[in-house]
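# Summary of the model geometry
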Amino acid sequence: MYDFVVVGVGPPGARFARRTAEAGYDVLALDKGAIGEPLACSGHVSTDIWAFTGEGAREQLFQNAVYGARFHVGGPHSDAYPFYKREVASNVIDRVGLDCHLADLARDAGADVRERRTVTEVTEHRDRVSVVANGPDGAEEYEAKMVAGCDGPRSRVRNQLGLPQPGELLHGVLAFSSEADSQDFVDVHLTPPTFFAWRIPRGEAGVEYGLAAPPGVHVNKHFQDLIDGYEVDVSHRCSGAIPIGPPGRITTRRAFLIGDAAAQTKPFTGGGILYGMTSADHAACEIDPDRPSTLAAYEYAWRQDLKREVELGHWLRRAYSLPEPVQRIGLGALSGEIGVHMDRPTSLVSPTHLKAVLSRLRG
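Here is a short report on the structure shown in this document.

The rules behind these values
- Residue indices follow the written sequence of each chain, beginning from 1 at its first position.
- The model is predicted, so local features are restricted to residues of pLDDT at least 70 and side-chain atom pairs to those at 80 or more, both for listing and for counting; the totals for chains, interfaces and linings are taken over all residues.
- Water and hydrogen atoms play no part in the side-chain values, which are based on all heavy atoms of the structure.
- In this description a helix means any DSSP run of H or I spanning at least four residues, a strand means any run of E spanning at least two, and both kinds are numbered starting from the N terminus.
- Every residue pair with non-hydrogen atoms within 4.5 Å of one another is taken to be in contact.
- As a rule, the C-alpha atoms of each element are fitted with a line to give its axis, helices using only the stretch in contact, and angles between N-to-C directions run from 0 to 180 degrees.
- These descriptions rest on fixed angle ranges, namely under 35 degrees for roughly parallel, over 145 for roughly antiparallel, 65 to 115 for roughly perpendicular, and the rest for oblique.
- Crossings are classed by handedness, with left-handed meaning an anticlockwise turn of the near helix from the far one by less than a right angle and right-handed meaning a clockwise turn.
- Classes in brief: Ala, Val, Leu, Ile, Met, Phe, Trp, Tyr, Cys and Pro nonpolar; Asp, Glu, Lys and Arg charged; the others, Gly included, polar.
- Between 30 and 60 degrees the pair is tilted, below 30 it is stacked and above 60 it is edge-to-face, where a pair is any two Phe, Tyr or Trp rings, Trp via its six-membered ring, whose centres lie within 6.5 Å.
- For a Lys NZ or an Arg CZ to count as sitting over a ring, it must be within 6 Å of the ring centre and within 35 degrees of the ring normal.
- When DSSP finds two or more bridges between a pair of strands, those strands are recorded as paired.
- The span one expects for a helix is its residue count, reduced by one, times 1.5 Å.
- A simple rule labels every residue: compare its accessible area, found with a 1.4 Å probe on the protein chains alone, to the largest value its type can have, and call it buried under 20%, exposed over 50%, or partly exposed in between.
- Residues adjacent in sequence count toward polar contacts only when both atoms are side-chain atoms; beyond that, a polar contact is any pair of N or O atoms within 3.5 Å, and within protein one must be able to donate a hydrogen and the other to accept it.
- Residues belong to a common nonpolar core when they are buried Ala, Val, Leu, Ile, Met, Phe, Trp, Tyr or Cys residues joined through side-chain atoms within 4.5 Å.

This next bit is on the environment of V188. Looking at the element boundaries, V188 is found in strand β13 (residues 185–189). For V188 and V132, which are 56 residues apart along the polypeptide, the C-alpha to C-alpha distance reads 42 Å. Discounting residues that sit within four places of it in the chain, V188 has contacts with A69, R70, F71, H72, F196 and A197.

Below, the discussion takes up unusual backbone geometry. For residues other than glycine, phi is negative in most cases, and the peptide bonds are mostly trans. Not every positive phi belongs to a glycine, and H236 is a case in point at roughly 55 degrees. Within the secondary structure, H236 sits in strand β16 (residues 235–244).

Quick look at the packing of helix α6 (residues 273–286) against helix α7 (residues 295–318) now. Relative to each other, α6 and α7 sit at 155 degrees, their axes nearing to 8 Å. With respect to their mutual orientation, α6 and α7 come out roughly antiparallel. For the crossing formed where α6 meets α7, the hand is right-handed. Touching Y275, T278, S279, H282, A283 and E286 of α6 are A297, Y298, A301, W302, D305, L306, E309 and V310, all from α7. In the contact of α6 with α7, the residues fall into eight nonpolar, three polar and three charged.

All chains considered together, the criterion is met by eleven aromatic pairs. Of the aromatic side chains, those joined through ring pairs into one cluster are F4, F16, Y25, F256 and Y298. One residue, R318, lies across the ring of W315, its end atom 4.3 Å from the ring centre.

Taken in spatial order, the eight strands of this open sheet run β16-β12-β15-β14-β13-β5-β6-β18, and their pairing is mixed. In this open sheet, the two strands that pair with only one neighbour each are β16 and β18 (336–337). Looking at chain direction, β13 and strand β14 (residues 196–201) are connected through three bridges and run antiparallel. Along β14, the bridge assignment pairs V188 with W198. Strands in contact with helix α5 (residues 219–230) are β12 (168–177), β13, β14, β15 (207–213) and β16; relative to β15, the strand with the most contacts, it is inclined by about 145 degrees.

A few words on helix α3 (residues 95–109). Across its 15 residues, α3 extends 22 Å between first and last C-alpha, which sits within 8% of the 21 Å expected from 1.5 Å per residue. Buried within α3 are the following residues: R95, G97, L98, D99, H101, L102, A103, L105 and A106. In this fold, the buried residues of α3 make contact with α1 (11–22), α2 (57–61), β7 (90–93), β8 (112–114) and α6. For α3, the capping residue at the N-terminal end is D94, with a side-chain oxygen 3.3 Å from the backbone nitrogen of V96.

Quick look at the nonpolar core now. Core analysis: the biggest nonpolar cluster contains 63 residues, and V5, F16 and F256 have the highest contact counts within it. Per-element tally for this core: the top contributor is α6, with seven residues. The contacts of F256, once residues within four sequence positions are left out, are F4, F16, M146, V147, A148, G149, I250, T251, A283, I287, L295 and Y298. If you look at the next biggest cluster of nonpolar residues, it comprises 24 residues, including F83, I244, Y320 and V340.

Relative to the 16 Å expected for twelve residues at 1.5 Å per residue, α1 spans 16 Å between its end C-alpha atoms, a close match to the ideal helical length. Of all twelve residues in α1, ten are buried; the element is thus mostly enclosed. Those residues of α1 that sit buried are P11, P12, G13, A14, R15, F16, A17, R18, T20 and A21. Lining the buried residues of α1 we find β1 (2–7), β2 (27–30), α3, β11 (138–149), β17 (255–257) and α6. Phi turns positive one or two residues past the end of α1, at G24, with a value near 100 degrees.

Structure representation (structure tokens):
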């Protein structure tokens, strides 16, 4: 009988497994493939990422430093509206390497991390949870006091236990080109219907291209138009679902969701690495596997922490669908130096950002 079975060992699952193992709990973490594969997430993150990693992580994972973004209301050759900071705003990292690093930290803390285990059944009982997974040697069954569903946007844990779905699932596509590029700006295109596309320089590791849009949009066609506009050849193309909008409930009596399974993502970018690991910390702090009532404390803690960021993020996303002339006017008026944190939309009204805006207006 484990204290926790963690299903999914991406950043949120690995973080929760590490924190609870450090607290002395008996933790089993299962991942359906090799850790970090298949890749289905961008490697562009805020510098806050290093607060969640271990010794030597930056030297191992860092690829490029980014100071800002060029926004476009059109293709690669359209006018650019730059938004920038004087200090490093974000980093580009080895995304697969991050997953492996975080899983190693969980192992070092004492969690039993097992790869190539595909969970097929999750059954909640009054006093425990049963989890069945297909492994290299066939079906395996585990029992735990609680189960953490950290298994992504199409969560098996969520579906098996009848928890509500995210507000929507976008379709995202990623691909990479091999030419070295150490530019310190990313490019953001507001041309896809109701979302956006991006180009991220990764230093010696090449360039990442991506696009996301709602169901019903011809994502692959729009993505090919992006690639053709940049006149590049890409490889390692991958795709996946991006959950937007946390459901009203992410817990049962003995189960809870973290990360993409709970749609703990930024509505305006779809990124969820920092939100998911922040929520994992709340879960590890609040949940006692011997006291199911503590799940309510987790629900309250993560929502209080991220509520304003998610709400404001939804408003920012609406700007992606404004008429093109309005977008151009808005971007032209607002472009320049900023003091905004890429994970916290509330920083739009921070003293740092307001100071940068006032300085620009005076200039």
